[in-house]
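Residue-level structural notes
What follows is the residue order along each chain.
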Amino acid sequence: MTTPPGVRKDASASRQNVAELVERLQKALSSSLGSLSEGTAPLVDVLREGAKALEPGPGGKRLSPKEREAWGVQLEAVLERLEDVMEGLQLAVRTQAGGKRD
């Protein structure tokens, strides 16, 4: 059974979109947190790895439903942790700038 060309394009676009979102997130973190964004790098790396695992690209190994679910759970936890880390780092940035917490 062959895959319709449109499906390949959609999967390719999905991989590219997820990769772009991770890169945009990393740039936004660098922009808003400056050098403190290094504290988010390990979490962003896990997001990048998860995106590649979930959308492996041509010739890549597709995950089983159980593996996909496990990655989903892990990525949800990483995003929650990233939110906590970002809040702490934003507070540090405001403190460095002499600002007050909202």
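Above this text sits the structure in question.
This text gives an overview of the structure that appears in the document. Nothing here was measured: the structure is a model prediction, and the numbers come from that model. (Residues numbered from 1 in each chain as written. Predicted model: local features only at pLDDT ≥ 70, side-chain atom pairs only at ≥ 80, totals over all residues. Heavy atoms only, no water.)

Digging into the overall build of the chain
What counts here: By the criteria applied, helices consist of DSSP H or I runs no shorter than four residues and strands consist of E runs no shorter than two, each listed in order from the N terminus. For every residue, the accessible area (1.4 Å probe, protein chains only) is compared with the maximum for its type, and the residue is labelled buried under 20%, exposed over 50%, or partly exposed between those bounds. Only heavy atoms matter for contacts: two residues are in contact if any of them lie within 4.5 Å across the pair. Only the protein chains shown count as covering a residue, and every accessible area follows the Shrake-Rupley method with a 1.4 Å probe.
The secondary structure content of the chain amounts to 3 helices and 0 strands. Going residue by residue from the N terminus, the α and β elements of the chain occur as α-α-α. When each of the 102 residues of the chain is scored for burial, the buried share is 22%. Long-range contacts, defined as pairs at least 24 residues apart, comprise 59% of the intrachain contacts of the chain with a sequence gap of at least 6. Per element, the accessible surface of the chain, about 7,400 Å² overall, is 55% carbon and sulfur.

Quick notes on helix α2 (residues 41–54)
Inclusion rule: Multiplying one less than the number of residues by 1.5 Å gives the expected span of a helix.
Between its terminal C-alpha atoms α2 stretches 20 Å, which fits the 20 Å expected from 14 residues at 1.5 Å a residue. When we look at burial in α2, the residues that qualify are Leu43, Val44, Leu47, Arg48, Gly50, Ala51, Ala53 and Leu54.

Observations regarding helix α3 (residues 65–96)
Compared with the 46 Å implied by 1.5 Å per residue over 32 residues, the 46 Å span of α3 between its first and last C-alpha is a close match. What α3 keeps buried is the set Trp71, Leu75, Val78, Leu82, Val85 and Leu89. The positive-phi residue at the C-terminal boundary of α3 is Gly98, with phi of around 80°.

Points about the nonpolar core
Nonpolar side chains in soluble globular proteins tend to be buried together. We count it as follows: Among buried residues, the Ala, Val, Leu, Ile, Met, Phe, Trp, Tyr and Cys ones that are joined through side-chain atoms within 4.5 Å form a nonpolar core.
Within the largest apolar cluster, 15 residues are counted, with the highest numbers of intra-cluster contacts made by Leu47 and Trp71. Of all the elements in the fold, those that place two or more residues in this core are α1 (5–33), α2 and α3. The dominant element in this core, judged by the number of residues it contributes, is α3, at 6 residues. With residues near it in sequence (within four places) discarded, Trp71 still touches Val46, Glu49, Gly50, Ala53, Leu54 and Leu63.

Examining the pattern of salt bridges
This is how it is decided: A carboxyl oxygen of Asp or Glu within 4 Å of a side-chain nitrogen of Lys or Arg is what we treat as a salt bridge.
Going through the model one piece at a time under the given rule, you end up with 3 salt bridges. Arg48 is the partner of Glu23 in a salt bridge, and the nearest nitrogen-oxygen pair spans 2.9 Å. On the criterion of sequence distance, the pair formed by Glu23 in helix α1 and Arg48 in helix α2 is long-range, its members being 25 residues apart. Here Asp45 ties to Arg48 by a salt bridge, and the two come within 2.9 Å at their closest N and O atoms. Of the two residues, Asp45 and Arg48 both sit in helix α2, 3 residues apart, roughly one turn of that helix.

Comments concerning a negative patch on the surface
Here is the rule we go by: Candidates for patches are residues over 30% relative accessible area with no salt bridge; among them, like charges are joined within 9 Å and nonpolar side chains (Val, Leu, Ile, Met, Phe, Trp, Tyr) within 5 Å. The convention is simple: Lys and Arg are positive, Asp and Glu are negative, and His and the chain ends are not counted. Where a charge sits is defined by one atom per residue type, namely NZ (Lys), CZ (Arg), CG (Asp) or CD (Glu).
Together, Glu76, Glu80, Glu83, Asp84 and Glu87 give the surface a local cluster of negative charge. Of note, Glu87 is situated in helix α3. For Glu87, a relative accessible area of 46% corresponds to the partly exposed category.

Some details on the layout of surface pockets
Stated formally: Residues are said to line a cavity or pocket when one of their atoms sits within 4 Å of a point; the points come from a 1 Å grid over protein atoms alone, cavities being sets where a 1.4 Å probe fits but cannot get out and pockets being open sets with protein on both sides within 12 Å along at least five of seven lines. Grid points are joined across faces, edges and corners, and a volume is the space filled by probe spheres set on the points. Three classes are used: nonpolar for Ala, Val, Leu, Ile, Met, Phe, Trp, Tyr, Cys and Pro, charged for Asp, Glu, Lys and Arg, and polar for all others, with Gly counted as polar.
When its volume is computed, the largest pocket comes out at roughly 150 Å³. Together, Val18, Leu21, Val22, Leu25, Leu47, Ala51, Leu54, Glu55, Leu75 and Leu79 line the largest pocket. Looking at the lining of the largest pocket, the elements that each hand over two or more residues are α1, α2 and α3. Here the element with the most residues in the lining of the largest pocket is α1; it accounts for 4 residues. Tallied by class, the residues present in the lining of the largest pocket amount to 9 nonpolar, no polar and 1 charged.

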